[in-house]
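Observations on chain architecture
So you can see what is in the structure, the chains are spelled out below.
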Amino acid sequence: MRPHRAFVPELSDQLWIEGREAHHLLEVLRARPGDRLTLFDGRGNEALAEVVEVGEGRLRVRTLEKKAVRREPDAPVTLYLALLKGEKLADAVRMGTELGVSRFVLLVTRHAVAKTIRRQKLERLRRIAIEAAKQSGRTLLPAVEGPIPLSRVPGVEQGLLAHPEATLRVSEVYQPDRPVALAVGPEGGFAEDEVALLRSRGFTPVTLGRRILKAETAACALVALVTAAYGR
Ligand code: SAH
């Protein structure tokens, strides 16, 4: 069996794992001294480690060897995602993390049902990103930022905007070796002037097919077209 992957803030030779991560290892996986696990720091480093001591709610581990792994896309993928209601953001963050998003930036847009996000909900999205990163073998932990008003989206080097009225396909415009910023609208879509603004910041409208997708489906499809479609 593949060793369990645990997220740690810092990869030192010896360290204590505490909090949620320790709880999971102790209560669910029943970790014991001598057990092997994989540690990753969310900044690109991974190491094989061994449990040396288990204590009350925490365990001490020793790193055995650092591993060179390549599981990240070659260039960063930023996803600008409109605030969505209910579990939709959670779904988008989980699937986007599995598919290689480096950074999620939540957007306040005009036709959105959700206008704000509570702090606890933002924290939960970050935990979902950690879980999805662990489970999918990511070595970088994606950031979940925002929400920011759409007008504050900066100019980008390469941008793709999912827009049902677009005719261009991702494969016709996307250059996979350059960083890319993606934008996906809310349930009510982007307003015309929002589309114009994003265009002026370097985003090219692209189609995701002939059907109207839910925003979280669109986010997933768009990310897959810039990572999975290129084997990255
Ligand atoms: N009534 C809205 C639908 C919004 S769907 C409209 O007509 O714009 C939510 C978001 O998913 C959209 O803002 C867009 O970013 C994305 N999306 C959904 N279907 C799409 C498609 N076929 N092509 C490109 N983007 C799509």
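Note: the structure precedes this text.
A brief look at the structure comes next. This one's a predicted model, so the numbers in the text were calculated from it and none came from an experiment.

Thresholds applied
- Residues numbered from 1 in each chain as written.
- Predicted model: local features only at pLDDT ≥ 70, side-chain atom pairs only at ≥ 80, totals over all residues.
- Heavy atoms only, no water.
- 1 Å grid on protein atoms, 1.4 Å probe; cavity = no way out; pocket = protein on both sides within 12 Å on 5 of 7 lines; lining within 4 Å.
- Points joined across faces, edges and corners; volume = space filled by probe spheres on them.
- Helix = DSSP H or I, 4+ residues; strand = E, 2+ residues; numbered from the N terminus.
- Nonpolar A, V, L, I, M, F, W, Y, C, P; charged D, E, K, R; others polar.
- Core = buried A, V, L, I, M, F, W, Y, C linked by side-chain atoms within 4.5 Å.
- Buried < 20%, exposed > 50% of the residue type's maximum accessible area, 1.4 Å probe, protein only.
- Near = heavy atom within 4 Å.
- Polar contact = N/O pair within 3.5 Å; in protein donor to acceptor, adjacent residues only side chain to side chain.
- Areas by Shrake-Rupley, 256 points an atom, 1.4 Å probe, with all protein chains shown as cover.
- Pairing = 2+ DSSP bridges.
- Axes fitted to C-alpha atoms, helices over the stretch in contact; angles between N-to-C directions.
- Contact = heavy atoms within 4.5 Å.

**Structural notes on the layout of surface pockets**
The calculated volume of the largest pocket comes to roughly 410 Å³. What lines the largest pocket is a set of 23 residues, among which Ala-162, Pro-164, Ile-212, Leu-213 and Ala-218 lie closest to the centre. Take the lining of the largest pocket: its biggest share by element is 3 residues, from helix H6 (residues 215-226). Each residue belonging to the lining of the largest pocket can be placed in one class, and the counts come to 11 nonpolar, 6 polar and 6 charged.

**Here's the deal with the nonpolar core**
Ranked by size, the top nonpolar core spans 33 residues in total, and within it Leu-79, Leu-125, Leu-182 and Val-184 carry the most contacts. Within the residue set of this core, elements represented by two or more residues are strand E6 (77-82), helix H2 (88-99), strand E7 (103-108), helix H3 (119-136), strand E9 (159-162), strand E10 (180-184) and H6. Residues Leu-25, Leu-26, Leu-37 and Val-61 belong to the second largest nonpolar core, which totals 16 residues.

**Focus on the site of the ligand**
Near the ligand there are 19 residues, and of these Ala-162, Gly-185, Leu-208, Arg-211 and Leu-213 occur at the shortest range. Measuring from a nitrogen atom of the ligand, one finds a backbone N or O atom of His-163 at 3.2 Å. Within the backbone of Arg-211, one N or O atom sits 2.6 Å away from a nitrogen atom of the ligand. Contact with the protein chains covers 85% of the free accessible surface of the ligand, which is 550 Å². A class-by-class count of the residues in the shell around the ligand yields 11 nonpolar, 6 polar and 2 charged.

**Some details on unusual backbone geometry**
A cis geometry characterises the amide bond from Gly-146 onward to Pro-147, with omega recorded as 0 degrees. Position of Pro-147 relative to the elements: it lies in strand E8 (residues 143-149). Its identity is not glycine, yet Arg-30 carries a phi of approximately 50 degrees, on the positive side. Among the secondary structure elements, Arg-30 is positioned in the loop between helix H1 (19-28) and strand E3 (36-40).

**Details of the sheet that holds strand E5 (residues 58-67)**
Here 5 strands make up an open sheet; going across it, the order is E1-E3-E4-E5-E2 and the pairing mixed. Taken across any chain shown, the strands that pair with only one partner, and hence form the sheet edges, are strand E1 (4-7) and strand E2 (14-17). Neighbour-to-neighbour, the strand axes of this sheet turn through a mean angle of 40 degrees, independent of strand direction. Bridging between strand E4 (residues 46-55) and E5 involves 9 bridges; their strand directions are antiparallel. Considered in E5, the bridge of Val-54 is made with Leu-59. Sheet strands in contact with H1 are E1, E2, E3, E4 and E5, and its direction is about 155 degrees off that of E1. Across the sheet, H3 is in contact with E1 and E3; its angle to E1 comes to roughly 145 degrees.

**A short note on the environment of Arg-103**
Following the sequence through the fold, Arg-103 ends up in strand E7. Put simply, Arg-103 and Leu-79 are 24 residues apart on the chain and 6.2 Å apart in space, counted from C-alpha to C-alpha. Non-local contacts of Arg-103, meaning those with residues more than four positions away in its chain, are made with Val-77, Thr-78, Leu-79, Tyr-80, Pro-142, Ala-143 and Glu-145. Polar contacts involving the side chain of Arg-103 include one to the side chain of Glu-145, which spans 3.0 Å.

**Observations regarding empty space enclosed by the protein**
Regions of empty space are outlined by a rolling probe, equal in size to a water molecule, passed over the atoms. Evaluated as defined, the whole model comprises 1 cavity of 30 Å³ or more. Space inside the largest cavity adds up to approximately 40 Å³. The wall of the largest cavity is formed by Pro-73, Asp-74, Ala-75, Val-77, Tyr-174, Pro-176, Val-226, Thr-227 and Arg-232. For the lining of the largest cavity, the per-class residue count stands at 6 nonpolar, 1 polar and 2 charged.

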